[in-house]
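Residue strings, one per chain:
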Amino acid sequence: LDVRAREINSAMKLAAAYALADCASDKGLSDEYIIPSPFDPSVAKTVAEAVAVAAIQSGVAQSRRGE
């Protein structure tokens, strides 16, 4: 939404998946902890930023305001 992407493409989906995986690895994986908590405040920000960058790089979105 921040970058006004016209569509959701594969690059954006992969960016979201990798960002989510990075959030989980920060806490240490275990049998009971394979994805980060959706209530962890860093998850939404980290994933949104990664998806925004992928959207801009793949040409389906505008750069952020002020950049």
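One structure accompanies this document, and this report is about it. (Residues numbered from 1 in each chain as written. Predicted model: local features only at pLDDT ≥ 70, side-chain atom pairs only at ≥ 80, totals over all residues. Heavy atoms only, no water.)

## Some details on the overall build of the protein chain
What counts is decided by this rule: Comment: elements are numbered from the N terminus, with helices defined as DSSP H or I runs of at least four residues and strands as E runs of at least two. Note on exposure labels: buried denotes an accessible area under 20% of the residue type's maximum, exposed denotes more than 50%, and partly exposed covers the range between, all computed with a 1.4 Å probe on protein chains only. Contacts are assigned to residue pairs that have any heavy atoms within 4.5 Å of one another. Residue-level accessible areas treat just the shown protein chains as cover; the underlying method is Shrake-Rupley with a 1.4 Å probe.
Within the protein chain one finds two helices and zero strands. Across the 67 residues that make up the protein chain, the buried fraction comes to 25%. Restricting to contacts in the protein chain with at least 6 residues of sequence separation, those with at least 24 account for 60%. Here the protein chain has roughly 5000 Å² of accessible surface; of this, 57% comes from carbon and sulfur atoms.

## A short note on unusual backbone geometry
In the Ramachandran plot, R4 falls in the positive-phi region, its phi being about 55° despite a non-glycine side chain. Tracing the backbone through its elements, the reader meets R4 in the segment before α1 (10-27). A relative accessible area of 47% places R4 in the partly exposed class.

## What to know about the nonpolar core
Inclusion rule: Buried residues of nine kinds, namely Ala, Val, Leu, Ile, Met, Phe, Trp, Tyr and Cys, make up a nonpolar core once their side-chain atoms join them within 4.5 Å.
Core analysis: the largest hydrophobic core is formed by 13 residues, its most contacted members being V3, M12, V47 and A55. For this core, the secondary-structure elements that each account for two or more residues are α1 and α2 (41-57). Sort the elements by how many residues they give to this core and α2 lands first, with six residues.

## A few points about the environment of A61
Within the secondary structure, A61 is located in the segment after α2. Each C-alpha atom of the pair A61 and D2 lies 9.2 Å from the other, and the pair is 59 residues apart in sequence.

## Topic: α2
Helical geometry note: an α-helix holds 3.6 residues per turn, so side chains three or four residues apart project in the same direction. Rule in force here: By definition here, a helix of n residues has an expected span of 1.5 Å times n minus one. Here the arc refers to the set of directions running from the helix axis out to each C-beta atom.
Compared with the 24 Å implied by 1.5 Å per residue over 17 residues, the 25 Å span of α2 between its first and last C-alpha is a close match. Turning to α2, its buried residues number three or more, namely V43, V47, V51, A52, A54 and A55. In a view along the axis of α2, the buried residues occupy a sector of 165°, so they form one face of it. Turned more than 90 degrees from where α2 packs its buried face, P41, K45 and Q57 sit exposed. Phi for G59, located one or two positions after α2, is positive at around 85°.

## Describing the environment of V53
You can see V53 is positioned in helix α2. Counting along the chain gives 42 residues from V53 to A11, while the straight-line C-alpha distance between them is 9.7 Å.

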